[in-house]
Amino acid sequence: MQAAPLNEEQLKSIVQGPGDVEWRYEMRRECQEILPGLLLGPFVASKSLDTLRALGITHIVCIRDAKEAFSVRPRFPEHFQYMTLDVEDNEEQNLIRLFPAAKQFIEEALSQHGRVLVHCNGGISLSPAFVVMFVMQHHQLSWENALHMVQNRRYCISPNGGFLTQLKEYEAIYRASIAVASYPNTSRTVSRRKREDDEDDEDGTDRYDDRKRALVENTDTPLPAPIYDSDAMEIS
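This structure is a prediction, so every number in the text was calculated from the model and none was measured.

Asker: How would you explain helix H5 (residues 143-151) if you had to name every residue and give the values?
Answerer: For the α-helix, the turn length of 3.6 residues means that residues three or four positions removed from each other point alike. When H5 is considered as a whole, its buried residues turn out to be Trp143, Ala146, Leu147, Met149 and Val150. Along the axis of H5, the buried positions cluster into a sector of 160 degrees, meaning they face one direction only. Looking at the buried residues of H5, the elements they touch are helix H1 (8-16), strand S1 (32-35), strand S2 (38-41), helix H4 (126-138) and helix H6 (161-182).

Asker: Got a sec to walk through the packing of aromatic side chains? Specific residues and values, please.
Answerer: Overall, the coordinates contain 5 aromatic pairs when judged by the stated rule. Note on tyrosine 170 and tyrosine 174: the rings are 6.3 Å apart at their centroids and 35 degrees apart in plane angle, and the pair reads as tilted. One end of the pair is tyrosine 170 and the other is tyrosine 174, both in helix H6 and 4 residues apart, which spans about a single turn. Assigned by exposure class, tyrosine 170 and tyrosine 174 land together as buried.

Asker: Now, about the packing of helix H3 (residues 99-111) against H4: what can you tell me, with residues and values included?
Answerer: Between H3 and H4, the least distance of the axes is 10 Å, while the angle of their chain directions is 65 degrees. Note on packing geometry: the crossing formed by H3 with H4 is right-handed. Listed contacts from H4 to Phe99, Ala102, Lys103, Ile106, Glu107 and Leu110 of H3 are Phe130, Met133, Phe134 and Gln137. Counted by class, the contact of H3 with H4 contains 7 nonpolar, 1 polar and 2 charged residues.

Asker: Just give me the short version of the sheet that holds strand S4 (residues 81-86), but keep the residues and values in it.
Answerer: With respect to topology, 5 strands assemble into an open sheet ordered S1-S2-S5-S3-S4, the strand pairing being mixed. With partners counted over all chains shown, the strands left at the sheet margins are S1 and S4, one partner each. Across the sheet, the axes of successive neighbouring strands diverge by a mean angle of 25 degrees, strand direction being ignored.

Asker: With reference to specific residues and values, describe the confidence of the model for the protein.
Answerer: Here the protein shows a mean pLDDT of 84. Residues at 70 or above account for 76%. Low pLDDT, under 50, characterises residues 226-236; the stretch is placed with 0 contacts to residues that sit more than four places away or in other chains.

Asker: Can you explain the pairing of strand S3 (residues 59-64)? Please cite residues and give values.
Answerer: The element S3 is extensively covered by neighbouring structure, given that 6 of its 6 residues are classed as buried. The alternating pattern of S3 places His59, Val61 and Ile63 and Ile60, Cys62 and Arg64 on opposite faces, both of which are buried. Bridge analysis of S3 against S4 gives 6 bridges, and the strand direction is parallel. Looking at the pairing, isoleucine 63 lines up with leucine 85 of S4. As judged from the 4 bridges shared by S3 and strand S5 (residues 116-119), these two strands associate in the parallel manner. Its bridge partner being in S5, cysteine 62 is matched across the sheet by histidine 119.

Asker: Could you give me a rundown of H6, with the residues and numbers involved?
Answerer: Taking 1.5 Å as the rise per residue, H6 with 22 residues should run 32 Å; its terminal C-alpha atoms sit 32 Å apart, in good agreement. Summarising the contacts, the buried residues of H6 are in contact with H3, H4 and H5. With a side-chain oxygen lying 2.9 Å from the backbone nitrogen of glycine 162, the N-terminal cap of H6 falls on asparagine 160.

Asker: Describe the nonpolar core, naming the residues involved and giving the relevant values.
Answerer: What tends to happen in soluble globular proteins is that the nonpolar side chains get buried as a cluster. In terms of nonpolar packing, the biggest core is built from 43 residues, with Leu38, Ile63, Phe130 and Val135 touching the most fellow members. In terms of residue count, the dominant contributor to this core is H4 (9 residues). Ignoring anything within four residues of it in the chain, the contact list for isoleucine 63 reads Val72, Leu85, Val87, Val118, His119, Cys120, Asn121, Leu126, Ser127 and Phe130. Residues Cys31, Ala45, Leu49 and Tyr82 belong to the second largest nonpolar core, which totals 11 residues.

Asker: Can you lay out the pattern of salt bridges for me, pointing to particular residues and giving the numbers?
Answerer: Oppositely charged side chains can pair when the atoms bearing their charge come close. Enumeration according to the criterion identifies 6 salt bridges in this entry. The partner of arginine 24 in a salt bridge is glutamate 26, and the shortest N-O contact between them spans 3.1 Å. Residue arginine 24 is classed as partly exposed on the basis of its relative accessible area, which comes to 40%. Judged by its relative accessible area of 42%, glutamate 26 is partly exposed. Its salt-bridge partner being lysine 67, residue aspartate 65 comes within 3.1 Å of it at the nearest N-O pair. The exposure class of aspartate 65 is buried, given its relative accessible area of 11%. Residue classification places lysine 67 among the exposed positions, given a relative accessible area of 64%.

Calculation rules
- Residues numbered from 1 in each chain as written.
- Predicted model: local features only at pLDDT ≥ 70, side-chain atom pairs only at ≥ 80, totals over all residues.
- Heavy atoms only, no water.
- Buried < 20%, exposed > 50% of the residue type's maximum accessible area, 1.4 Å probe, protein only.
- Helix = DSSP H or I, 4+ residues; strand = E, 2+ residues; numbered from the N terminus.
- Arc of directions from axis to C-beta.
- Contact = heavy atoms within 4.5 Å.
- Phe/Tyr/Trp six-rings, centres within 6.5 Å; stacked < 30°, edge-to-face > 60°.
- Axes fitted to C-alpha atoms, helices over the stretch in contact; angles between N-to-C directions.
- Left-handed = near helix turned anticlockwise from the far one by under 90°.
- Nonpolar A, V, L, I, M, F, W, Y, C, P; charged D, E, K, R; others polar.
- Pairing = 2+ DSSP bridges.
- pLDDT = per-residue confidence, 0-100.
- Expected span 1.5 Å × (residues − 1).
- Polar contact = N/O pair within 3.5 Å; in protein donor to acceptor, adjacent residues only side chain to side chain.
- Core = buried A, V, L, I, M, F, W, Y, C linked by side-chain atoms within 4.5 Å.
- Salt bridge = Lys/Arg side-chain N within 4 Å of Asp/Glu carboxyl O.

The following block contains the structure:
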C-alpha cells in the first residue's frame, strides 16, 4: 500500500503536522498517531488494556532488545495480533533487513481497517526508525522529510547515528524499487526482443555458414571435360 506522490503544498502540510499541539514532557509516555491508523509510542503505552481499546488498537509491533524480553513482551495476545522483533539498539544493528516483514504486517493491518501500535521500550530510537522507514516509502518522502514528519508528531524521537545512516540508504532502495516497478513491461519486452534478435542472428549466421560451406565443397568437384565438335568452323 503506497500513497500517491504529494505536491508541494501537500508535502509541506503533512511534514509539518498539526500546529496546535503543545508538546509536554509526560507525552513521551503516551503514543501518538503518525499516519491514520499507525501509532508510535513506548512500551508503557502497550501495558494498559483499557488504553489500547480506547485507541481502537488491533495490531501491535513489539520491538525490543533481546535483553529486554523478560519485560518488553506481548501482554494481551488474546486481544491483539502481535509481531515481535528482537533488535539491538546499537549503531551496528541492521534494520533494513528486518523492515520488510514489519512493513508487510503494518500494511496488512491497515488494509483490514485495523489500527497498529509500533513500540519499543522508550519509543525514542528503535521503533521510530521503523516508523520513519514506513512513512518514507508510504508517502514517497526523502529520509529527512520522513524523519521530520514523525518528529513533528512525537517530538522526543532520536534514532541513533547508525539508524540515521540506514534511513538514508533506505531512501535509495525504495526509490529504486519504485523505478523498477514502473517499467516492468518495457524491460521484459526489450529483453525478449533482444533475445529474439540474438536468436535470429544466430540462425542467419548458421544459414550463411551452410551456404558458404556448400560453395567451398562444390569447388572441389572436378569439372566435366569439354566436348569439341570436329565439324565446327574454326575462326582464325
